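Okay, here's what each chain looks like letter by letter:
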There are 2 protein chains.
Amino acid sequence: MLNVPALTELRALFGDRMSVAGTVLAEHSQSESLVTAGTPDAVVFPRTTDEVAALAAWSTHHLVPLIGWGAGTSLEGHALAVAGGVTVDFREMAAVLEVRPEDRLVRVQPGLTREALNHELRTTGLMFPVDPGANASIGGMAATRASGTTAVRYGTMRDNVRGLTVVLADGRVIHTGTGAPKSSAGYDLTALFVGSEGTLGLITELTLKLHGQPEAVMTAVAAFPSVGKAVDCVIATMQMGLSPARIEFLDTDTVAACNAFSNLTLPLAPQLLVEFHGHPEGLAEDVRRFRELSGEFGAEGLQWAEQQEDRTRLWAARHAAYRAILASRPDAKAVVTDVCVPISALAQAVEETRADIAASGIPGPILGHVGDGNFHAILMVDPAHPDEVATAKALAARMAERSLRLGGTITGEHGVGFGKLGLMADEHDEAWQVMGTLKRTLDPLNLMNPGKLVPGAAQP
Amino acid sequence: MLNVPALTELRALFGDRMSVAGTVLAEHSQSESLVTAGTPDAVVFPRTTDEVAALAAWSTHHLVPLIGWGAGTSLEGHALAVAGGVTVDFREMAAVLEVRPEDRLVRVQPGLTREALNHELRTTGLMFPVDPGANASIGGMAATRASGTTAVRYGTMRDNVRGLTVVLADGRVIHTGTGAPKSSAGYDLTALFVGSEGTLGLITELTLKLHGQPEAVMTAVAAFPSVGKAVDCVIATMQMGLSPARIEFLDTDTVAACNAFSNLTLPLAPQLLVEFHGHPEGLAEDVRRFRELSGEFGAEGLQWAEQQEDRTRLWAARHAAYRAILASRPDAKAVVTDVCVPISALAQAVEETRADIAASGIPGPILGHVGDGNFHAILMVDPAHPDEVATAKALAARMAERSLRLGGTITGEHGVGFGKLGLMADEHDEAWQVMGTLKRTLDPLNLMNPGKLVPGAAQP
């Protein structure tokens, strides 16, 4: 609860772009997953970096936490006000500020969504490929180091953010990165803020790397006799040096859900959905090689989607997979998992996870960005049955433990938020303490998204 | 000067792998460039992470600085003991610890050189492509965020270090990164230490990303009617989405020096040296496109080196360019510059630099990794003539200013060391203060490579 002077000053700063209305607070207390907690005391909608800087000074003066909010699509509770405070909704900072086609760069505000960005770029021959599925905001994607289907070729947000403007906890504004493609001029502050989940500062501007829209695209879907064969085909594809733009795994349950939800007729078997980008001459050879390779792993009915509309339909179905899976069990809520392992351990990780889920009795289709060793199980539970929720959470914890045992990470792309706080020590050991030290240095009053990512942040 | 108890304890820790011999100290006071200063009080040759951790504890107890030393090929004085202390020479930690072909990873010790690593990998079908020219140590390359000829395709050390073991100033040992291709589990500590130049800790182990040895390689050299045409051809090549593995620019003076030194007969004109990697089918098209494009920019005598030995000869000459240029003016020393600008500003940056150098009367051939916007002028001065040295330093300072004015960086790949300390505030402004804050947090006693990179580090 904000005291009167704090509220008065906040209103003076933001006018009618500050709200304490119940509906607005409720909207900013929601999460797309089961990870929920906390309600902000107010929501503000800044328009400039200067306004965010003034807000940080206000926050320091009144000791009120600030929590960044992009599109609200995060799955680990990153944008929730677990300790109260002011949610900073960037929807009014959603502009494309500058497109620099010659340098393949674009400067944007954090509230811009990736779909809006690509819409803006459509006539430039360029694209921003990072694609987490949801129409997330660019600022949120940077804050959580998001990735998704295309990371296997184009990299994650780590690789595609060239520079940032950041408002620090004390209200100072810094700029990181340059317009040059590389630099060795000191600490990589850009990389420090990408993935910091708003705990070190608030990102108010981003310079992103763009990529050429591919001259030619080939998409295929192939059914495999087993999960192991499909995964082994992925490993062989990567090891052969074929460089797919996307290579996605869908297990049989996921395929069934997608068929029903998106009106497809894919065979009920583990599937790979693969896409190559390039010039037509190079692509023809990629396609030939993938055909040969997938045949060696028993793929049947390999279909190349030659037409744009067929490709769009397939990827739309892939992107709708989460909703499709949820729709397959009405009234269910999802415990969404996200592990990432070395490619050599991928088959074992997926098979063990499948067996574990099967034994639990909880529906849990598996899908993932397997070219990166990254996969998700969507564990569907009836929230009215606490035992189901507990079982799902135990499954998720075992997935994370398994990932660590196999040399992987507790989260490939969803981030820590507060949903994965309890696993951080297991992954990082003493390095997690170093993260806490860095946090306390840049935010000594613990006002930037408290309760997330670092040690000492209580799990709600 | 170490006091007796400190020296006694150091000898107890390292035995005959500790030296205070004049020749050893002198060897570790040298630099390949004009940037020289300071002599260590002792040099140690650790064999394990534990020994380095014990050394850090010793350093904290006795308040003696520690300076990492790889191959001594840095150009900005990174490895020099500007405030005395103990130089930590990693030559006895030079092992390949583990090759994981399935995951395309290798785990190595920091003293290993990149040539030794690639020799070790030669039968695996894999390679470590980052190539700064010099046979640098992997630890040093990570510490300075090195790159070089192949970064345009394979990235810099930022992109190719997957994880680290680091000994912190207080002797704690942390591990960063995992075996998974990506992660969003907290702050990117790997990226924080890559490029930190030994000022935050000492790297004692690295996990590196490997790449497939290319199935086919095509290398070409082409002469252009002007610097501008050559650079414009680079810009067009990158914008067309052709993805060269290397694309190097050599100005006429550099070509003349290489011809003389490496016994080549290249035409005396600005040249591009370009290489494509891929499968034969894709390469044929890359080659066709580059031929067409370079023709549009007036390239003459485009020669493709079909044979491995011809390619090796060309790249050996490129790598010898620094020595070739030095040899072109006997007894000269070099002021080596290193700027990196947005591609759109590359032609202007190179042309203005050329004119500035020509007006100065100092020989200064230009060459660079132009696909990344990165280039160097090798300013040759007679160290006996202080006016020449001063003129060269003023030229170098104007290059850096020009780079910043054009949206670039003061150093694309050589790092800061103490040679570029004076330019850091101009590039980073308040963000440089944040670097200083991070440094003081992780190294409050200023014992890790003091005098480098951060504010407050006095320039010798």
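Residues numbered from 1 in each chain as written. Chains lettered and ligands numbered in written order. Predicted model: local features only at pLDDT ≥ 70, side-chain atom pairs only at ≥ 80, totals over all residues.

Draft legend 1. Representation of the nonpolar core within the structure. With 294 residues, the main nonpolar core has Leu 379 of chain A together with Leu 379 of chain B as its most contacted residues. Filtering out sequence-adjacent residues up to four positions away, Leu 379 of chain B remains in contact with Ala 334, Val 335, Thr 337, Ile 362, Gly 364, Ala 392, Leu 395 and Ala 396 of chain B. (Core = buried A, V, L, I, M, F, W, Y, C linked by C-beta atoms within 7 Å. Buried ≥ 20, exposed ≤ 12 C-beta atoms within 10 Å, placed from the backbone. Contact = placed C-beta atoms within 7 Å.)

Draft legend 2. Representation of the relation of the copies chain A and chain B. Superposing chain A onto chain B requires a rotation of 180 degrees together with a translation of 0.0 Å along the rotation axis, leaving an RMSD of 0.0 Å. On this basis, the relationship between the two copies can be described by a two-fold rotation axis. Minimal C-alpha separation from the rotation axis in chain A is found for Gly 282 of chain A, amounting to 2.0 Å. Most of the interface of chain A is mirrored in chain B: 100% of its interface residues are interface residues there too. (Least-squares fit on C-alpha atoms with pLDDT ≥ 70 in both.)

Draft legend 3. Summary view of the environment of Thr 49 of chain A. Residues and elements named next belong to chain A. Along the polypeptide, Thr 49 turns up in helix H3 (residues 49–62). Expressed as a C-alpha distance, the spacing of Thr 49 and Leu 202, which sit 153 residues apart in the sequence, is 9.4 Å. Leave out the neighbours within four places in its chain, and Thr 49 touches Thr 165, Val 167, Val 173, Thr 204 and Glu 205. (Helix = DSSP H or I, 4+ residues; strand = E, 2+ residues; numbered from the N terminus.)

Draft legend 4. Spotlight on the domain arrangement of chain A. All names here are of chain A. Partitioning chain A into structural domains gives domain 1 (4–91), domain 2 (94–212), domain 3 (216–323) and domain 4 (330–405). A C-alpha centroid distance of 22 Å is found between domain 1 and domain 2. Listed by contribution, the elements that provide at least two residues to the side of domain 1 that touches domain 2 are H3 and strand E3 (66–69). Considering every element that reaches the side of domain 1 that touches domain 2, the biggest residue donor is H3, with six residues. Each residue belonging to the side of domain 1 that touches domain 2 can be placed in one class, and the counts come to nine nonpolar, seven polar and one charged. (Domains from an automatic or database assignment. Nonpolar A, V, L, I, M, F, W, Y, C, P; charged D, E, K, R; others polar.)

Draft legend 5. Focus on helix H16 (residues 421–428) of chain B. Residue and element names in this part refer to chain B. Within H16, burial applies to Leu 421, Leu 423, Met 424, Glu 427 and His 428. Projected down its long axis, H16 carries its buried residues within an arc of 135 degrees, all on one side. For H16, the elements touching its buried residues are helix H15 (386–405) and helix H17 (430–442). Two residues or fewer past H16, Asp 429 is found with a positive phi of approximately 55 degrees. (Arc of directions from axis to C-beta.)

Draft legend 6. Main features of the packing of helix H11 (residues 280–296) of chain A against helix H11 (residues 280–296) of chain B. Taken N-terminus to C-terminus, the directions of H11 of chain A and H11 of chain B make an angle of 175 degrees; their axes are 8 Å apart at the nearest point. It follows from the interaxial angle that H11 of chain A and H11 of chain B lie roughly antiparallel. Of the residues in H11 of chain B, those touching H11 of chain A at Glu 281, Gly 282 and Glu 285 of chain A are Glu 281, Gly 282 and Glu 285 of chain B. Looking at the contact of H11 of chain A with H11 of chain B, its residues break down into no nonpolar, two polar and four charged. (Axes fitted to C-alpha atoms, helices over the stretch in contact; angles between N-to-C directions. Parallel < 35°, antiparallel > 145°, perpendicular 65-115°, else oblique.)

Draft legend 7. How the structure looks around the confidence of the model for chain A. With 99% of its residues at a pLDDT of 70 or more, chain A shows a mean pLDDT of 94. The complex prediction reports pTM at 0.97, with the ipTM value standing at 0.96. (pLDDT = per-residue confidence, 0-100.)

Draft legend 8. Expanded view of the interface of chain A and chain B. Listed by partner, the interface residues are 70 residues for chain A and 70 residues for chain B. Broken down by element, the residue count for the side of chain A that touches chain B peaks at eight residues, all from helix H17 (residues 430–442) of chain A.

Draft legend 9. Looking closely at unusual backbone geometry. Residue and element names in this part refer to chain B. Its identity as a non-glycine residue notwithstanding, Asn 449 has a phi of 45 degrees, on the positive side. Mapped onto the secondary structure, Asn 449 falls in the segment after H17. The phi torsion at Leu 453 lies on the positive side, around 65 degrees, for a residue other than glycine. Its location among the elements puts Leu 453 in the segment after H17.

Draft legend 10. View of the sheet that holds strand E9 (residues 173–176) of chain B. All names here are of chain B. Sheet architecture is open: five strands sit in the order E5-E6-E10-E8-E9, paired in antiparallel fashion. Of all the strands in the sheet, the pair left with one neighbour each is strand E5 (96–100) and E9. Put simply, the sheet's adjacent strands are angled 15 degrees from each other on average, direction ignored. Judged from the seven bridges that link them, strand E8 (residues 161–168) and strand E10 (residues 201–209) form a sheet pairing that is antiparallel. Along E10, the bridge assignment pairs Val 166 with Ile 203. (Pairing = 2+ DSSP bridges.)

Draft legend 11. Highlighting the packing of helix H14 (residues 346–360) of chain A against helix H15 (residues 386–405) of chain A. All names here are of chain A. Running from amino to carboxyl end, H14 crosses H15 at an angle of 160 degrees, the nearest separation of the two axes being 11 Å. Here H15 runs roughly antiparallel to H14, going by the angle between their axes. The element H14 and its partner H15 pack so that their crossing is right-handed. Contacts between H14 and H15 involve Ala 349, Glu 352, Thr 353, Asp 356, Ile 357 and Ser 360 from the former and Thr 391, Leu 395, Arg 398, Met 399, Arg 402 and Ser 403 from the latter. For the contact of H14 with H15, the per-class residue count stands at four nonpolar, four polar and four charged. (Left-handed = near helix turned anticlockwise from the far one by under 90°.)

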